[in-house]
Every structure is written in C-alpha cells, then in structure tokens.
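# Overview (structure and organization)
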Amino acid sequence: MAKTKTTFFCQNCGTQHSQWVGQCHVCKEWNTIVEEVIQKEEKRNWKQGSSTDRKVRKPQRIADIQINAEERISTLNNEFDTVLGGGIVKGSVILLGGEPGIGKSTLLLQIALGITKKVLYVSGEESESQIKMRAERLSNSDTNCLILTETNTQQIFTSVADVNPDVLVIDSIQTLHTSTIEATPGSISQIRETSAELIKFAKETATPVLLIGHINKEGHIAGPKILEHMVDVVLQFEGDRNHNYRILRAHKNRFGSTSELGIYEMLGNGLREITNPSEILISKKDADLSGIAIASTLEGIRPLMIEVQALVSTAVYGTPQRSSTGFNLKRLHMLLAVLEKRAGFKLGAKDVFLNITGGISIDDTAIDLAVIAAILSSNKDVAINPNVCFAAEVGLAGEIRPISKIDQRILEAEKLGYKTFVTSKYNKITVQNPKIRVLLVGKIEEVFATLFA
Ligand code: TYD
Ligand code: MG
C-alpha cells in the first residue's frame, strides 16, 4: 500500500500549503488551513504515463476534424433547457450551486421526475422517505426515476453499472467520498477526487451528470475553484429569501451562452416555470403613484419589463443617504451626479432610495433612464403615466445613449400593451410602424420636459 501523506489545504480557496499557517497567503483568509490525509501519488514520467494507459492520439488539422452534433436530452423543463442552451448535452457535467434552502434539491428532483429517460438520483443528504415525501409534494410520479442514498463513489458506480441510467444526479458533491483517499467528505481533496471520478465517468460513458454544490459565505461554490474549471456547466440558483422568485443563471457554459436566464416561482407543490416574467415583475396598483418607472431590460435574449421604484426625501442628517436594491449603487451615485450637474436638480440634500421590484438584480445599463425618471418623479411627486416605459443608457454628459437589441425591446413593450416607449434618438430602429409611440430623446432635459410638462 502506498504510504499515507498529509498536506494542508485552505478550505476557502483550495490552495495547497506545505505546512500549517494562520493565514492563507493567496486568499488572505484566517484560520482556513486544514490538514488533510491524501494518498501518496505514484510518481510517473509523463512520457510513460501517456503511452501506457491510453491510446496515442495524433495531432489533427483543424479542417479534418469531424464535428458530431451534440446530442441533447430535453428535460421538459423549458427554463432549465433554455439556460443550458437547449437541453442537457450527453456526457456533460453540470454543477448547480446555490444557498441552502433556495431549492436546488427541489429543482433537480423535479427535473429527474419530469425527464422521460431513466434517471438515477443519488442523495447523500436525505433519506429515501424524505425524498419520497418531497416527490409527493411535487405530484409528479415517474417510475423511471430511481433513488439511491449513498455517499461512497465506488458504491455509486456499482449501482450505476447495475441500472445503467441515462442521467445521473448527485445531491451533493460535498457529501461524497471516495475510498482511494482518506480525507473527510466535503474536504478539498475529497471534492477534487470525487468530482474527477464523476467527470471521467461522464466522459467515458456519455452519461450526463448533474451535481449539486454548496456555496460558501462569499457565494462561491464551496471547495476548490478548480471544480468550476473541470465541469462543463456551472449554474447558479439564486433568489431573495423573502420572495418566491428564483433565478437560474449559467456562469459558465461550454455548450451555450451564459446570458440566458430561467425564472421560477417556489410554490407549495414545487417550482413553477415563469414564462412571462414581465407580468410578475410589475406590481399591480390602482392609483398612480409617484416614483415608479417601467424599464425594458434584457436578460440573455429575453426582454423583461421591470419596475424601478425611487423614493427621494429630505435628508434628516447632514450626509444624505443613498441606498439601492437590485441596482449598482455606484451607478446610482453617478446618475445622481449627472442629474445634479446637467439638469440642475439639487439632490445633494435629499435621501435617495432605489428598488427594483421582485427581488431581482439588473446589470443592464439600459435601465438608467427609468432610474432617472423614477427619481425625478419621486422628487416632484408627480406620477409617470403607467403606459410609458423607458430604455436607454445615460452618459456622464447627460446625453441619452443608444442600447442594444432595441427592436426586440420595442416589440415586447408593444406586446405587453404599453403606449409610449422612451429611448435614445441615436438608436437604429428598424421596426416598421410600431403600434406603440416611440419617443426619441437626446438629453435629460428633454425627458424632463416631456414627462412633467
Ligand atoms: P430545497 O430544495 O431543500 O433546498 P436546497 O436543496 O437548495 O437546500 O428547498 C427547500 C425549501 O423549499 C424549503 O424551505 C421548502 C421549500 N419548498 C417549497 O416551498 N415547495 C415545495 O414543493 C418544496 C419541495 C420545497
Ligand atoms: Mg438540498
């Protein structure tokens, strides 16, 4: 037997250290270095290694390489398929991360039950009866889904060989351990080793593997960063604890775009796919309220209408407060400075609070104009017509700048029944005769004049 060897890993970033130290010199975290037992690796010359255990591959001209179309398995869950770029690619390894209780197990169980292929759902976190209870809540009884509660990868592979599943689901990578090394489950070396085994399995048998991963306090997937490099797709399941909406994003996707987004609502009987997100993100109100503006934004290729709310009030203390939920605070400061300088609004003595409803956060700069409109509306206490929506970036000189995919945004706003679409006059709009009135503006002052005239 090879002699056992121990080494020291930072539990935060996965860096290996030769001895225990108080602070990891890479991520600067304190008290994260833990000793782990690993088995001494056989030292092997790369030449011998490469020629003995696999067949020698010859370099090929890129023109001669044959492309085999990726075979994809549809999960029958539209949002999930879209985020993946059209279904699960055979032999791919997908890692799903998210906060505890956000619904990772629910999502993957729902997918395991929904898929028409044979799925093996391996859980190291819950008992069979717990999973059964959850499955009953989801009211989706499928006989093709097999449940296994096991944490040892060798045992899992034995079962896999027995049942020969089309898709393997693992809940979660942090509970697995392999017999080849002695470290405890969840440690850096176990995660690295077990995921390497699963990835090898996926590639050799063309069976897709869906892994659930815990996240650490910074929101990254717990374990070595290398895990995210090794897998093909990294999905993040996020949402606000106080809202029922959950957003599924791809942070990395070797088979599709990372700009797609899936939206779900957590209900008593599982996750419901939200196919028309704009409707849920806009609060229904009876009276016209000031401080509200509708923005047309894009998440991936999907246009999304969101509601921006602002509250401007007189600052009680010396320094005015600025707070923002779902919108970059630095950008809010910038927009306020632009308003102050270019449009002469004295916001310096006012508190400004900004909120994107629905608990989602938006990076798209096209919502700048709606942010400004909401702030102005609250400041003046004049409501904006609820049939008006905005889409434009605002520059430092107070100019209204063009944005991408303008046609798509106009069509979406038209479809949802908006009457006026305010955007930059520098956009190249190709939509012919839209039913919606497109109002083109070039400067902040013009917006102000048209809205509150
Ligand atoms: P879970 O999938 O266990 O989260 P994770 O695996 O990410 O830790 O989700 C747990 C939460 O979801 C729990 O607070 C209850 C809620 N839930 C529902 O609201 N409806 C449902 O149908 C299910 C199964 C769970
Ligand atoms: Mg879970």
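Residues numbered from 1 in each chain as written. Chains lettered and ligands numbered in written order. Predicted model: local features only at pLDDT ≥ 70, side-chain atom pairs only at ≥ 80, totals over all residues. Heavy atoms only, no water.

Looking only at helices and strands, the protein chain has 12 helices and 23 strands in total. Oriented by its inertia axes, the alpha-carbon framework of the protein chain measures out at about 85 × 55 × 50 Å. Across the 453 residues in the protein chain, those meeting the buried criterion constitute 47%. Of the contacts made within the protein chain by residues no fewer than 6 positions apart, 65% connect residues no fewer than 24 positions apart. Per element, the accessible surface of the protein chain, about 23,000 Å² overall, is 50% carbon and sulfur. (Helix = DSSP H or I, 4+ residues; strand = E, 2+ residues; numbered from the N terminus. Buried < 20%, exposed > 50% of the residue type's maximum accessible area, 1.4 Å probe, protein only. Contact = heavy atoms within 4.5 Å. Areas by Shrake-Rupley, 256 points an atom, 1.4 Å probe, with all protein chains shown as cover.)

A few words on the site of ligand 1. Inspection of the region around ligand 1 gives 15 residues, with Gly101, Ser105, Thr106, Leu267 and Gly270 positioned closest. Between Gly103 and ligand 1, the recorded distance is 3.0 Å, taken from a backbone N or O atom to an oxygen atom. A distance of 2.6 Å separates an oxygen atom of ligand 1 from a polar atom in the side chain of Ser105. For ligand 1, whose accessible area on its own is 560 Å², the fraction buried by protein is 74%. If you list the elements that add at least two residues to the shell around ligand 1, you get helix H3 (104-114), helix H4 (128-137) and strand E13 (261-267). The element that contributes the greatest number of residues to the shell around ligand 1 is H3, accounting for 3 residues. Tallied by class, the residues present in the shell around ligand 1 amount to 4 nonpolar, 7 polar and 4 charged. (Near = heavy atom within 4 Å. Polar contact = N/O pair within 3.5 Å; in protein donor to acceptor, adjacent residues only side chain to side chain. Nonpolar A, V, L, I, M, F, W, Y, C, P; charged D, E, K, R; others polar.)

Summed over all chains, the structure comprises 15 salt bridges. Lys90 is the salt-bridge partner of Glu71, the closest N and O atoms lying 3.2 Å from each other. Separated by 19 residues along the polypeptide, Glu71 in the loop between helix H1 (46-52) and strand E4 (72-73) and Lys90 in the loop between strand E5 (88-89) and strand E6 (93-98) bring together distant segments of the chain. Salt bridges linked by common partners bring Arg331, Asp368, Glu393, Glu399 and Arg401 together as one network. (Salt bridge = Lys/Arg side-chain N within 4 Å of Asp/Glu carboxyl O.)

A few words on the domain arrangement of the protein chain. Considered domain by domain, the protein chain is made up of domain 1 (1-41), domain 2 (72-273) and domain 3 (280-451). Measuring from the centre of the C-alpha atoms in domain 2 to the corresponding centre in domain 3 gives 38 Å. The partner domain 3 presents 10 residues to the 11 residues of domain 2 that form the contact. Taking both partners together, domain 2 and domain 3 bury about 910 Å²; carbon and sulfur atoms supply 55% of that area. Our count for the contact surface shared by domain 2 and domain 3 stands at 0 salt bridges. Counting across the domain 2 and domain 3 interface gives 0 residue pairs in polar contact (both at pLDDT 80 or more). (Domains from an automatic or database assignment. Buried area = accessible area lost by both parts, 1.4 Å probe.)

Further remarks concern the side chain of Arg246. When you line up the elements, Arg246 lands in strand E12 (residues 245-253). There is a polar contact of 2.8 Å between the side chain of Arg246 and the backbone oxygen of Ile102.

A cis amide bond links Asp171 with the next residue in sequence, Ser172, at an omega value of -5 degrees. In this fold, Ser172 is placed in the loop between strand E9 (167-171) and helix H6 (188-205). You will see that Lys28, though not glycine, has its phi angle at about 65 degrees, which is positive. If you trace the backbone, Lys28 turns up in the loop between strand E2 (16-17) and strand E3 (33-39). Phi is positive for Asn31, close to 55 degrees, though the residue is something other than glycine. Following the sequence through the fold, Asn31 ends up in the loop between E2 and E3.

Next up on the list: the packing of aromatic side chains. All chains considered together, the criterion is met by 2 aromatic pairs. Here the aromatic rings of Phe157 and Phe201 are separated by 5.4 Å at their centres, their planes lie at 45 degrees, and the arrangement is tilted. Taken as a pair, Phe157 in helix H5 (residues 153-163) and Phe201 in helix H6 lie far apart in primary sequence, 44 residues in all. Given the relative accessible area of 12%, Phe201 is considered buried. (Phe/Tyr/Trp six-rings, centres within 6.5 Å; stacked < 30°, edge-to-face > 60°.)

What follows concerns the sheet that holds strand E8 (residues 145-149). What the 9 strands build is an open sheet, ordered E8-E7-E9-E10-E6-E11-E12-E13-E14; its pairing is mixed. The two strands at the open ends of the sheet, each matched to only one other strand, are E8 and strand E14 (270-273). Recorded for the sheet is a direction-independent mean angle of 25 degrees between the axes of neighbouring strands. Taken together, the 5 bridges between strand E7 (residues 119-123) and E9 define a ladder with parallel strand orientation. Note that in E9 the partner of Tyr121 across the bridge is Val169. Contacting E6, E9 and strand E10 (209-214), H6 runs over the sheet at an angle of about 160 degrees to E10. (Pairing = 2+ DSSP bridges. Axes fitted to C-alpha atoms, helices over the stretch in contact; angles between N-to-C directions.)

On the basis of which strands lie adjacent, the open sheet formed by 7 strands has the order E17-E18-E16-E15-E19-E22-E23 and mixed pairing. With one partner strand each, in any of the chains shown, strand E17 (322-325) and strand E23 (437-441) form the two edges of the open sheet. Here the strands of the sheet are splayed against their neighbours by 25 degrees on average, with no regard to which way each runs. Of the strands in this sheet, strand E15 (292-299), strand E16 (302-314), strand E18 (350-356), strand E19 (388-391) and strand E22 (420-424) touch helix H10 (residues 368-380), which is tilted by about 35 degrees from E16.

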